[in-house]
Amino acid sequence: MTRPDSSGTQDMLRGVPNIQLARQWLAERQIEDLECMTCDQAGVARGKLMPAEKFFNAPDMNIPSSVLTQTITGDYADDDDNFQHDPIDSDLILKPDLSTLTVVPWANDPTGQIIHDAYYKNGDPVDISPRNVLKKVLSEYDTLGLRPVIAPELEFYLVKPNTDPDYPLEPPVGRSGRSESGRQLYSISAVNEFDDLFDDIYDYSEAQGLEIDTLVHEEGAGQMEINLRHGDPLTLADQVFLFKRTIREAALRHNMYATFMAKPIEGEPASSMHIHQSLVHADTGNNAFSDAVGAPTDLFYNFLAGQNKFLPDVMCIMAPYVNSYRRLARNTEVAVNVNWGNDNRTVGLRIPMAGPEARRVENRIPCSDANPYLAIASSLACGLIGIKKRLTPPPAHNSSGEDLPYGVPRGLLEAVDRFQKCPELTEIFGSRFVGTYCAIKLQEYETFMAVISPWEREYLLLNV
């Protein structure tokens, strides 16, 4: 498998100062259509496809406010004291972020795509928009003279096409003509089974400016992990948002599905989205987690303590579906606690081996199915609370954490309840986002409870 030369010209645009340069960029590539999109609560791209010329005539566009309150099934939650539907479903205004303009490399005809931010008619940012939620958290750090830096690691499965949800998923067939069996952790030959697919993923990513750092085969059959290079949290959230779509499209081209379900296959390892986090001083760019002699700072411990204390309260964001909690099993590669330790993968907060300039905290709690904007925002919000409250973490846990008790909620209902009852998080996210998000999660739970599972038919049908 060959990796594209990263020094080549990417068909994407960063830092566009005006609409005229965007028009020129599209004309040079003969792009006639644009996908104008925003991210909903589930991480799904919502928006409109329009001719490029129409976009330039009116770059702002309207969408119904209900787009940002849908469940993953397309339903809507019931109104309550914290979440009220707009009774007339009035419009929100989507404004393009021109720095996100890039090509759609898998499209049959030359097509561009651009991410939009949502605003109310009075010009205020929509407080329940996931991208705006992340921006709000980052602005809190800005007031402290700090700039977060993150690097996400994203796990996913490749599976055979599955058109009937009653049938379990199966690993795909590689170039050898056989499906995987057994554990293939970090196997080069297992990755090479899908050379053509990964060539397309690299090509698509290069065209969009998505900066892949490494690709490895994870432990599960057909399970892969791609690490993105560290950088600005908003930019990296945009990249994960686009990257999920990219992998799915590339897989379809090779008659496979790519899934980011947390636990897609019974008996196989689950999929995570680990988030490496550090803070730098905005004025100097120096790592705020290390002092002048390379020792950990009080800020490092404050941030760590905030994550230790409050990550369980944002679990409904980091594990957003009923399926997500199937991932949280003891004696697996998944940490089910929020302890911290040095180079310890059995705890939820790992401090990787690194020099003082690269000191960071790896949050191993989030699932791969989490909305990237919200997962990054909630993780950084927990650290922010620790900094503001000057919290102190417990001692490092540098032995195996596999026998530690569960330190996170075991199910979605418990997780939603904890999020709703945490005043510190409500202060950061705002009551409208908390109420709306929790109402969506509760409605999804009710939809799930309406389905009778194979387990119930297997063990209850003739036995009770």
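Residues numbered from 1 in each chain as written. Predicted model: local features only at pLDDT ≥ 70, side-chain atom pairs only at ≥ 80, totals over all residues. Heavy atoms only, no water.

Draft legend 1. Main features of helix α7 (residues 298-310). Here α7 is 13 residues long and its end C-alpha atoms lie 18 Å apart, about the 18 Å a rise of 1.5 Å per residue gives. Taken together, the buried positions of α7 are L299, F300, N302, F303, L304, A305, G306, Q307, N308 and F310. (Helix = DSSP H or I, 4+ residues; strand = E, 2+ residues; numbered from the N terminus. Expected span 1.5 Å × (residues − 1). Buried < 20%, exposed > 50% of the residue type's maximum accessible area, 1.4 Å probe, protein only.)

Draft legend 2. How the structure looks around the pattern of salt bridges. With the rule as written, the count across this model stands at 21 salt bridges. R29 serves as the salt-bridge partner of E28, at 3.5 Å between the closest nitrogen and oxygen. With relative accessibility at 54%, the residue E28 sits in the exposed group. In this structure, the salt-bridge partner of E362 is R364, at a minimum N-O distance of 3.1 Å. We note that E362, like R364, is buried. (Salt bridge = Lys/Arg side-chain N within 4 Å of Asp/Glu carboxyl O.)

Draft legend 3. Focus on the side chain of H274. With respect to the helices and strands, H274 occurs in strand β11 (residues 273-281). Here E362 takes part through its side chain, which lies 3.2 Å from a polar atom of the side chain of H274. Look past the residues within four positions of H274 in its chain and what remains in contact with it is A151, P152, E153, E362, N363 and R364. (Polar contact = N/O pair within 3.5 Å; in protein donor to acceptor, adjacent residues only side chain to side chain. Contact = heavy atoms within 4.5 Å.)

Draft legend 4. Spatial organisation of the environment of S379. In this structure, S379 sits in helix α9 (residues 372-389). For the pair S379 and Q307, spaced 72 residues apart in the sequence, the C-alpha separation amounts to 7.0 Å. If we ignore the near neighbours within four places in the chain, the residues touching S379 are Q277, Q307, L311, M318 and N363.

Draft legend 5. Molecular detail of a nonpolar patch on the surface. A cluster of nonpolar side chains, contributed by W455, Y459, L460 and V464, occupies part of the molecular surface with about 480 Å² of accessible area. Residue placement: W455 occurs in helix α13 (residues 454-459). Residue classification places W455 among the exposed positions, given a relative accessible area of 53%. (Patch = residues over 30% accessible without salt bridge, like charges linked within 9 Å, V, L, I, M, F, W, Y side chains within 5 Å. Areas by Shrake-Rupley, 256 points an atom, 1.4 Å probe, with all protein chains shown as cover.)

Draft legend 6. Highlighting helix α10 (residues 412-420). Every buried residue belonging to α10 is among L412, A415, V416 and F419, and all of these are buried. Along α10, the residues classed as buried sweep out an arc of 100 degrees about the axis, all on the same side. Lining the buried residues of α10 we find α8 (315-318), α11 (423-429) and α12 (431-449). (Arc of directions from axis to C-beta.)

Draft legend 7. Up close: the side chain of E444. The residue E444 is located in helix α12 in this model. Side-chain polar atoms of E444 contact the side chain of K441, separated by 2.7 Å. Discounting chain neighbours no more than four positions away, the residues touching E444 are T71, I72, P320 and Y321.

Draft legend 8. Spotlight on the pairing of strand β7 (residues 146-159). Within β7, 13 of the 14 residues are buried, which leaves the element mostly enclosed by the surrounding structure. Note that β7 and β11 share nine bridges and pair antiparallel. Residue pairing for β11: R147 is matched across the bridge by V280. Looking at chain direction, β7 and strand β9 (residues 223-228) are connected through five bridges and run antiparallel. Residue pairing for β9: F156 is matched across the bridge by M224. (Pairing = 2+ DSSP bridges.)

Draft legend 9. Highlighting the environment of Y257. For Y257, the location among the structural elements is in strand β10 (residues 257-259). Sequence-wise, Y257 and Y76 are 181 residues apart; in three dimensions their C-alpha atoms are separated by 28 Å.

Draft legend 10. Focus on the packing of α10 against α12. Running from amino to carboxyl end, α10 crosses α12 at an angle of 165 degrees, the nearest separation of the two axes being 10 Å. Considering the angle they form, α10 stands roughly antiparallel to α12. At the point where α10 passes α12, the crossing takes the left-handed sense. Contacts between α10 and α12 involve L412, L413, V416, F419 and Q420 from the former and F433, V434, Y437, C438, K441, L442 and Y445 from the latter. Here the contact of α10 with α12 is composed, by residue class, of 10 nonpolar, one polar and one charged. (Axes fitted to C-alpha atoms, helices over the stretch in contact; angles between N-to-C directions. Parallel < 35°, antiparallel > 145°, perpendicular 65-115°, else oblique. Left-handed = near helix turned anticlockwise from the far one by under 90°. Nonpolar A, V, L, I, M, F, W, Y, C, P; charged D, E, K, R; others polar.)

Draft legend 11. Summary view of the packing of aromatic side chains. A full pass over the atoms with the stated rule returns 13 aromatic pairs. Taking the centre distance of 5.5 Å and the plane angle of 40 degrees together, the rings of F156 and F260 count as tilted. Placement of the pair is F156 in strand β7 and F260 in the loop between β10 and β11, with a sequence separation of 104 residues. Aromatic pair F300 and Y301: ring centres 5.1 Å apart, planes at 70 degrees, arrangement edge-to-face. Put simply, the rings of F289, F300, Y301, F303 and W340 touch in pairs and so form one group of aromatic residues. (Phe/Tyr/Trp six-rings, centres within 6.5 Å; stacked < 30°, edge-to-face > 60°.)

Everything listed here is a matter of geometry and, on its own, says nothing about what the molecule does.
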